[in-house]
Amino acid sequence: MTEFLPAEEQLRVLERGVVDLVERKELLDRLEKSRQEGRPLRIKLGIDPSSPDIHLGHAVVLRKLRDFQVLGHQVIVLWGTATAMLGDPTGKNKTRPTLTREQVEANKQTYKAQVGRVLDLDRIEERENGEWFDAMGFMGAVRLAAGTTVARMLERDSFEKRYRAGEPISVHELLYPIMQGWDSVELRCDVEIGGTDQLFNLHMGRELQRREGQPAQICLTTPILTGLDGTEKMSKSLGNYIGVTEAPRDMFGKCMSVPDDRMREWFTLVTDVPMDEVEALLAGHPRTAKVALARAVTALYHGADAGDAAVAEFDRMFREGGTPDEMPEHFVDRPDGAEQLLLPNLLAAIGFCASTSEARRLIQGGGVKVDGEVAADPKSGVGAGTYHVQAGKRKHARVTVL
RNA sequence: GGGCGGAUACCCAAGCGGCCAACGGGGCCAGACUGUAAAUCUGGUGGUUCUACCUUCGCAGGUUCGAAUCCUGCUCCGCCCA
């Protein structure tokens, strides 16, 4: 733990894929000091457990945290149990509904398991800001708020826009940045990291720490990752995401669908591939580069073997039109007394299509294969037996008709 | 409180008494092409026992042989005046 790399070398790792670094010089100095004193820096990431699923977009900031962890620093995951109930106004044009304690606790548990996909959970310091806010009391909160002006708060982009547009801003929302800043005081953070939309909040920590006579924390922000569509930010509601718990095959396949011109961004933010290697790959054939990207991502979450297996399987499935390593098994009954099970009903029964009508259309469009043969007649059916059923390029299943 | 305009399938948006399961665009799905893509082209995009039938056009009623289209009430949204 006391063996820290030279500050410059650490900084090189930490700077990768970073948008804001306030201030770079301060970070360098503090890394140097930490090295001399053999004291790890304290790095905070605040997480409001408001949505329970983590995708690669969330993972960007977690991975930056991991960089710090690997370099021997102390990572603090701060659960915003108090702030989650407020709802961070960041990027929202509306007041967010507040959560109950039970929801927060439940989300926290699922969240934590997924955070473990990126961070070494044994080495994090895990805290909750309810620890101090619950005990602060109303007057304490008032004293805390007294140090900041409304004008200062309204500097914040999202507040300013809403204010100018005549949209409501609740008083409690103005308190959110102050609370987040106070967390840094309580935890004596050296660095706080977050997405670019967090810059204002991170600055609040600096201010409050200075006021309390602490060294001001360094603020570091990571970019918002572009989703699979190549234009919108990755988000669950847009469906353009890759979850950190997804199966290797899906993870790989989705990575392969990332647009070419987003590969540099993805390599930088989502993988550990060294940047000179990335540049070399990008200079070569795009497909080779993308395979490397997809393999790297898959390997990160499932291990190198899974990454290699995914490459092989993908080649077979898409270049040669073959079948996957393993397919889901389904057993379907024939209707009473019938010789055959109609194909549309089969597809609906195994969940490949939402309805028999949809299945029918897919069949007519030539998108369905049974044992490798295109089945273009919606009236066709299959008798008892086991079949390899394929809908589109991706959906395969071994279906046994009973 | 008053006036006006709007609510149509995942989103935008036509339709304004029968030819409407409802134009068009986006998105999405499938096919061709390809590097897995992108771009391009083609088809599809309510349900079913599928050349027919059933349920849809904010909600509830009504007029009519027949309504997404007309009338009444309700709910929600936008704009304007107070």
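Calculation rules
Residues numbered from 1 in each chain as written. Chains lettered and ligands numbered in written order. Predicted model: local features only at pLDDT ≥ 70, side-chain atom pairs only at ≥ 80, totals over all residues. Heavy atoms only, no water. Helix = DSSP H or I, 4+ residues; strand = E, 2+ residues; numbered from the N terminus. Buried < 20%, exposed > 50% of the residue type's maximum accessible area, 1.4 Å probe, protein only. Contact = heavy atoms within 4.5 Å. Areas by Shrake-Rupley, 256 points an atom, 1.4 Å probe, with all protein chains shown as cover. Near = heavy atom within 4 Å. Polar contact = N/O pair within 3.5 Å; in protein donor to acceptor, adjacent residues only side chain to side chain. Pairing = 2+ DSSP bridges. Right-handed = clockwise from strand over helix to strand, strands pointing away. Axes fitted to C-alpha atoms, helices over the stretch in contact; angles between N-to-C directions. Parallel < 35°, antiparallel > 145°, perpendicular 65-115°, else oblique. Left-handed = near helix turned anticlockwise from the far one by under 90°. Nonpolar A, V, L, I, M, F, W, Y, C, P; charged D, E, K, R; others polar. Patch = residues over 30% accessible without salt bridge, like charges linked within 9 Å, V, L, I, M, F, W, Y side chains within 5 Å. Salt bridge = Lys/Arg side-chain N within 4 Å of Asp/Glu carboxyl O. pLDDT = per-residue confidence, 0-100.

### Topic: the overall build of chain A
- Along its length, chain A carries 16 helices and 13 strands.
- With the C-alpha coordinates aligned to their principal axes, the bounding extent of chain A is approximately 80 × 45 × 40 Å.
- Taken across its 402 residues, chain A has 48% of its residues classed as buried.
- Within chain A, contacts between residues at least 6 apart in sequence are counted, and of these 69% link residues at least 24 apart.
- Carbon and sulfur atoms make up 51% of the accessible area of chain A, which totals about 19200 Å².

### What about the protein's contact with RNA strand B?
- Taken together, 22 residues sit near RNA strand B, with Met256, Asp260, Arg287, Ser355 and Ser357 positioned nearest.
- Considering RNA strand B, the proportion of its atoms within 4 Å of the protein that are sugar or phosphate atoms stands at 58%.
- For RNA strand B, a phosphate oxygen lies 2.7 Å from a polar atom in the side chain of Ser357.
- Within the side chain of Arg360, an N or O atom sits 2.9 Å from a base nitrogen of RNA strand B.
- Elements supplying a minimum of two residues to the surface near RNA strand B: α13 (286-302), α14 (304-319) and α16 (356-364).
- A per-element tally of the surface near RNA strand B places α16 first, with 5 residues.

### A word on the environment of Leu269
- Its place among the elements puts Leu269 in helix α11 (residues 263-270).
- Given the relative accessible area of 8%, Leu269 is considered buried.
- If we ignore the near neighbours within four places in the chain, the residues touching Leu269 are Gly17, Val60, Arg63, Pro223 and Leu225.

### Description of the pairing of strand β6 (residues 218-222)
- Among the 5 residues in β6, 5 count as buried, and that is most of the element.
- Both faces of β6 are covered, namely the face carrying Ile218, Leu220 and Thr222 and the face carrying Cys219 and Thr221.
- Where strand β5 (residues 191-195) and β6 come together, 5 bridges link them in parallel fashion. When the sheet's bridge partners are listed, Glu192 is paired in β6 with Cys219.
- Running through helix α9 (residues 199-211), the crossover from β5 to the neighbouring parallel element β6 is right-handed.

### Focus on the side chain of Glu313
- Relative to the helices and strands, Glu313 resides in helix α14.
- Given the relative accessible area of 6%, Glu313 is considered buried.
- If we skip the residues at most four places from it in the chain, Glu313 touches Arg249, Pro324, Asp325 and Glu326.

### So, the packing of helix α10 (residues 248-256) against α13
- Axis separation between α10 and α13 bottoms out at 8 Å; the angle between their running directions is 150°. On the basis of the axis angle, α10 is roughly antiparallel to α13. In terms of crossing hand, the pair formed by α10 and α13 is right-handed. Between α10 and α13, the contacting residues are Pro248, Met251, Phe252, Cys255 and Met256 on the first element and Lys290, Val291, Ala294, Arg295, Val297, Thr298, Tyr301 and His302 on the second.
- For the contact of α10 with α13, a count of residues per class yields 9 nonpolar, 2 polar and 2 charged.

### Concerning the environment of Gly365
- Mapped onto the elements, Gly365 comes out in the loop between α16 and β9 (368-370).
- The sequence separation of Gly365 and Ala375 amounts to 10 residues, and the corresponding C-alpha distance is 9.6 Å.

### Considering a nonpolar patch on the surface
- Together, Phe138, Met139 and Val142 make up a nonpolar patch on the protein surface, roughly 340 Å² of accessible area in all.
- Inspection of the secondary structure puts Met139 in helix α5 (residues 130-145).

### Comments concerning the confidence of the model for chain A
- Here chain A averages 82 in pLDDT, while 91% of its residues score no lower than 70.
- Reported for the predicted complex are a pTM of 0.76 and an ipTM of 0.84.

### Here we look at the pattern of salt bridges
- Applying the stated criterion to the full structure yields 20 salt bridges.
- Note that Asp190 and Arg30 form a salt bridge whose closest N and O atoms lie 3.0 Å from each other. Placement of the pair is Asp190 in the loop between α8 (171-187) and β5 and Arg30 in helix α2 (residues 24-37), with a sequence separation of 160 residues.
- By relative accessible area, Asp190 is classed as buried at 5%.
- Salt-bridge contacts for Arg39 lead to Asp190; the nearest nitrogen and oxygen are separated by 3.3 Å. Here the residue Arg39 occupies a position in the loop between α2 and β2 (42-47), and Asp190 occupies one in the loop between α8 and β5, the gap between them amounting to 151 residues.

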